[in-house]
Amino acid sequence: MTYFDAQYTIHTEYTTLIGNISMKTILVVGGAGYIGSHMVKMLLETEHHVVVFDNLSTGYRDAVLGGDFVFGDLADRASLARLFSGYQFDGVMHFASFIQVGESIIQPDKYYQNNVACTLNLLDAMVTANVNHFIFSSTAAIFGEPQYTPIDEQHPKNPINPYGLSKWMIEQILADYDRAYQLKSVCLRYFNAAGADPMGQLRERHNPETHLIPLVLQAAKGQRENITIFGQDYDTPDGTCIRDYIHINDLCQAHLLALDYLFTYQSSASFNLGNSAGFSVKQVIDIAKQVTAKSIPVHIGARREGDPARLVADAKLARNQLNWQPQYTDLKTIIAHAWATEQQVNL
Ligand code: UFG
């Protein structure tokens, strides 16, 4: 089944629900980044009017494949006010945050300024403009060290780094904004977003790159000497950390369904998004070797601060309440899509 077939299936299965969200005007904050740019593409394909607001601090203008582009910064309340007076948005998706756990420990100010204070500016602009539907990019990092696994939505929230705490703060602020201003939100807690556009038009581009799969593929390409495994003395079968990798398109599909949920039910919710299958760092490298048919030199390094041994999602709630049906659950496919785009020089 191709990507477009998959889209079609979902349309026919959820005609009523999709009917609620056709032809909306959606503001995508951070639409030039990795997840945001894939989201913009999917919104355009499902015939929404898209407006991207991005300061290009980590994103790329050429990753925005359509819609209107507004260059701007969430720190600048005046430009947000202009943005909201220029369009009548039906919903807002917010991807513009800093995401590096290690950096957040060294520079917490950067994370609280951007991920908390700037998000508040955005929420206040929404309240002023009477825009009431918000999709928030949250993270598995809000849970901290898992007390049980797989991790469901009720799992205690004990973030162990400023990045995770900044996201959890916003989740709690959103609950207050719902009570006080009837701003309805869906918080989507991503586990490990991975892969790339199956059509090959977009890829994961971070600078510097810190994520496992792109780094492994760069080692396969010979662009870096090796991949360092951060610790092999964890309490897991092969001693390396286990993560739940979720295809970027499945993640974006969940955002579309979350919008749909907001428009249909007019109530706030939170969902964990993952495949409920854990893969160790060594397993990821082995699969990448199969996909690329290249040798991938490995260096065993020390543990990285703030890495829990095992993060695997219980995503039953999203499947049941959003009718979310991930299409690309096989890690080999996820890595194959990443590899196909990683090799394109023009992306
Ligand atoms: N890893 C290595 N070597 C590397 C890079 C990563 O061994 O060079 C390991 C990490 O230690 C971890 C796994 O590969 O065990 C995955 O690491 P990533 O950096 O790719 O992803 P994380 O699990 O650290 O982080 C992701 C998101 C964060 C989010 C977090 C939630 O990128 O934004 O999941 O748990 F907060």
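The following refers to the structure shown. A quick note: this is a predicted structure, and the numbers were derived from the prediction, not measured.

This part is about the overall build of the protein. The secondary structure content of the protein amounts to 12 helices and 14 strands. For 347 residues, the compact-globule formula gives about 20 Å, and the C-alpha radius of gyration of the protein, at 19 Å, lands near that figure. Within the span of the protein, comprising 347 residues, buried residues form 55% of the whole. Intrachain contacts of the protein at a sequence separation of at least 6 include 78% that bridge at least 24 residues.

Here we come to the sheet that holds strand 3 (residues 68-71). If you trace the 7 strands from one edge of the open sheet to the other, you get 3-2-1-4-5-6-11, paired in parallel fashion. Across the chains shown, the open sheet's two edge strands, defined by having one partner strand only, are strand 3 and strand 11 (269-273). In this sheet, neighbouring strand axes are inclined to one another by 20 degrees on average, regardless of whether the strands run parallel or antiparallel. Sheet analysis places strand 6 (residues 184-190) next to strand 11, joined by 5 bridges and oriented parallel. By the bridge assignment, Val186 is partnered in strand 11 with Ala269. Sheet contacts for helix 9 (residues 248-265): strand 1 (25-29), strand 4 (91-94), strand 5 (133-139), strand 6 and strand 11; angle to strand 6, the most-contacted strand, approximately 160 degrees.

Moving on: empty space enclosed by the protein. Within the structure shown, the criterion is met by 3 cavities of 30 Å³ or more. Together, Gly195, Ala196, Arg203, Glu204, Ile213, Pro214, Leu217, Ala338, Thr341 and Glu342 line the largest cavity. Along the lines of polarity and charge, the residues of the lining of the largest cavity split into 5 nonpolar, 2 polar and 3 charged.

We now examine the site of the ligand. Around the ligand, a shell composed of 21 residues is seen, among which Tyr163, His211, Thr228, Arg304 and Asp307 lie nearest. Within the side chain of His211, a nitrogen or oxygen atom sits 2.6 Å from an oxygen atom of the ligand. In the environment of the ligand, an oxygen atom lies 2.9 Å from a nitrogen or oxygen atom belonging to the backbone of Phe230. Broken down by secondary-structure element, the contributors of at least two residues to the shell around the ligand are helix 8 (212-221) and strand 8 (227-230). Of the residues forming the shell around the ligand, the biggest block, 4 residues, is contributed by strand 8.

Take the environment of Arg77 next. Counting through the fold element by element, Arg77 comes out in helix 4 (residues 77-86). Once the C-alpha coordinates of Arg77 and Gln113 are considered, the two residues, 36 residues apart in sequence, prove to be 14 Å apart. Dropping the residues within four chain positions of it, Arg77 is found in contact with Asn121 and Asp124.

This brings us to the side chain of Asn115. Mapped onto the elements of the fold, Asn115 is located in helix 6 (residues 108-129). There is a polar contact of 3.0 Å between the side chain of Asn115 and the side chain of Asn114.

So, how was this worked out
Positions within a chain are numbered from 1, following the residues in the order the chain's sequence is written. The predicted nature of this model means local features are confined to residues of pLDDT at least 70 and side-chain atom pairs, given and counted, to a pLDDT of 80 or more, with totals for whole chains, interfaces and linings taken over all residues. As a rule here, side-chain values cover all heavy atoms of the structure and leave hydrogens and water aside. Each helix is a run of H or I in the DSSP string that is no shorter than four residues. Each strand is a run of E no shorter than two, and both are numbered from the N terminus. We compute the radius of gyration over the C-alpha atoms and compare it with the globule rule, which gives 2.2 Å times the number of residues raised to the power 0.38. Three labels apply to residues, based on accessible area from a 1.4 Å probe with only protein chains included: buried if under 20% of the type maximum, exposed if over 50%, partly exposed otherwise in between. Any pair of residues with heavy atoms lying within 4.5 Å of one another is described as a contacting pair. Criterion used throughout: strands pair if DSSP finds at least two bridges between them. Note on geometry: axes are C-alpha line fits, over the in-contact stretch for helices, and angles between N-to-C directions span 0 to 180 degrees. Buried and open spaces are told apart on a 1 Å grid over the protein atoms alone, a cavity being a set of points where a 1.4 Å probe fits but cannot get out and a pocket being an open set with protein on both sides within 12 Å along at least five of seven lines. Residues with an atom within 4 Å of a point are the lining residues. Grid points are joined across faces, edges and corners, and a volume is the space filled by probe spheres set on the points. We call Asp, Glu, Lys and Arg charged. Ala, Val, Leu, Ile, Met, Phe, Trp, Tyr, Cys and Pro are nonpolar, and the rest, Gly among them, are polar. Neighbouring residues are identified by heavy atoms, a residue being near a molecule or strand if any of them is within 4 Å of it. Side-chain atoms alone can form a polar contact between residues adjacent in sequence; in general such a contact is a pair of N or O atoms within 3.5 Å, and within protein one must be able to donate a hydrogen while the other accepts it.

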